[in-house]
Amino acid sequence: MNSEITLILTIVGGLIAFFLLFYLLPVNLWFTAQLSNVRISLLNLVLMRLRKVSPALVTNAMITSTKAGLRITTNEIETHYLAGGNVNKVIRALISADKANIPLSFKLATAIDLAGRDVFDAVQLSVNPQVINTPPVAAVAKDGIQLIAKARVTVRANINQLVGGAGEETILARVGEGIVTTIGSADSHKQVLENPDRISKTVLAKGLDSGTAFEILSIDIADIDIGVNVGAQLQTDQAEADLKVANARAEERRAMAVANEQEMRAKAQEAKAKVIEAEAQVPLAMAEAFRSGNLGIMDYYKMQNIQADTDMRSSISNPKGNDKSK
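Residues numbered from 1 in each chain as written. Predicted model: local features only at pLDDT ≥ 70, side-chain atom pairs only at ≥ 80, totals over all residues. Heavy atoms only, no water.

(A) Spatial organisation of the pairing of strand E3 (residues 145-157). Here strand E1 (residues 130-133) runs beside E3; their pairing, made up of 4 bridges, is antiparallel. By the bridge assignment, Ile-132 is partnered in E3 with Val-153. As paired elements, strand E2 (residues 137-140) and E3 share 4 bridges and run antiparallel to each other. Note that in E3 the partner of Val-137 across the bridge is Ala-149. (Pairing = 2+ DSSP bridges. Helix = DSSP H or I, 4+ residues; strand = E, 2+ residues; numbered from the N terminus.)

(B) How the structure looks around helix H4 (residues 55-67). Between its first and last C-alpha atoms H4 spans 18 Å; for 13 residues at 1.5 Å apiece the expected length is 18 Å, and the two agree. Among all positions of H4, only Pro-55, Leu-57, Val-58, Thr-59, Ala-61, Met-62, Ile-63 and Ser-65 are buried. On the buried face of H4, the contacting elements are helix H2 (27-35), helix H3 (42-50), helix H5 (74-82) and helix H6 (87-99). Positive backbone phi, approximately 85°, marks Gly-69, located one or two places after H4. (Expected span 1.5 Å × (residues − 1). Buried < 20%, exposed > 50% of the residue type's maximum accessible area, 1.4 Å probe, protein only. Contact = heavy atoms within 4.5 Å.)

(C) Molecular detail of unusual backbone geometry. Even without a glycine there, the phi angle at Lys-52 is positive, about 65°. In this fold, Lys-52 is placed in the loop between H3 and H4. Not every positive phi belongs to a glycine, and Asn-101 is a case in point at roughly 60°. Inspection of the secondary structure assignment puts Asn-101 in the loop between H6 and helix H7 (106-114). According to the relative accessible area criterion, Asn-101 is exposed, its value standing at 70%.

(D) Structural view of the packing of H4 against H5. At their nearest, the axes of H4 and H5 sit 10 Å apart, and the two run at 130° to each other. Taken together, the axes of H4 and H5 lie oblique to each other. Relative to H5, the crossing made by H4 is right-handed. On the side of H4, the interface is formed by Leu-57, Val-58, Ala-61 and Met-62, while H5 contributes Thr-74, Ile-77, Glu-78 and Tyr-81. When grouped by side-chain class, the residues that make up the contact of H4 with H5 number 6 nonpolar, 1 polar and 1 charged. (Axes fitted to C-alpha atoms, helices over the stretch in contact; angles between N-to-C directions. Parallel < 35°, antiparallel > 145°, perpendicular 65-115°, else oblique. Left-handed = near helix turned anticlockwise from the far one by under 90°. Nonpolar A, V, L, I, M, F, W, Y, C, P; charged D, E, K, R; others polar.)

(E) A look at the packing of aromatic side chains. For the coordinates displayed, the defined rule picks out 0 aromatic pairs. Lying over the aromatic face of Phe-120, Arg-92 brings its terminal NZ or CZ to 4.0 Å of the ring centre. (Phe/Tyr/Trp six-rings, centres within 6.5 Å; stacked < 30°, edge-to-face > 60°. Lys NZ or Arg CZ within 6 Å of the ring centre and 35° of its normal.)

(F) Just the environment of Val-230, in detail. Among the secondary structure elements, Val-230 is positioned in helix H12 (residues 230-292). Linking Val-230 and Ile-145, residues 85 residues apart in sequence, is a C-alpha distance of 5.8 Å. Apart from residues lying up to four places away in sequence, Val-230 is in contact with Val-140, Gly-144 and Gln-146.

(G) Representation of the environment of Ile-91 within the structure. Tracing the sequence through the fold places Ile-91 in helix H6. Separated by 18 residues in the primary sequence, Ile-91 and Ala-109 place their C-alpha atoms 8.8 Å from one another.

Structure below.
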């Protein structure tokens, strides 16, 4: 019984040791690499395992690159893997660039990959240019007519500028700025409608792809629409503003006239009060004249006759009894 248990434990221990040895010594990967003319030592594969590097990934990448005629070392692949890069995309990008005669080194490819860009898509974009449609761009010519233009920008990736280069948004912004500048410098909107290629030539001449991750191949004006008459609208708004200012000034003058009228009425009332006050002093003055002998009875009757004659003339000239002083 004890001998059977010992045999079983020996067999289990042998299997475990075999699997551990097979795990630490990836003989199948080494044999595959040798058949593919890739020189990787078995010790190097074991050390990769200890450095937390996938031997299968490195071996397959070396086989693929060697078959494609690329010269890459296992140390370079390990370094990029440990840096957190995508080894498979880098290898695919290098193969695509080599087949398309696009100069791309392993160092630049890994730098692009570590910068967060898809290096394989960048190579594909260099081979197959991309068309970017700009949003509608509105601009006003010198004659005040608004034009709304849409453009198609054909670009391809600039491999050397992918690290640190501006993206698609910058291209769209610069193209929009060039369209606005070209339309705004035109004397008439008809010039732009007759020669839409004027926009393309002017924008291309500005070198808008400088400092970006793209190279502009062409700029084509897809559509130009006539918008509103901004000049006339501005003139209308200015006329309405001038009218409001004129009305405000007229209202100010009217208010000043009303205030002056009220002031003159107050002065008239004050003058009338002074006249009434002076008239109230007349009987007192006449009585004093009688007492002092300066006014005789005949003079008094004569003055009464003059007053009666004056009242009669006033009644004839003003039969309805209106007061002229009012």
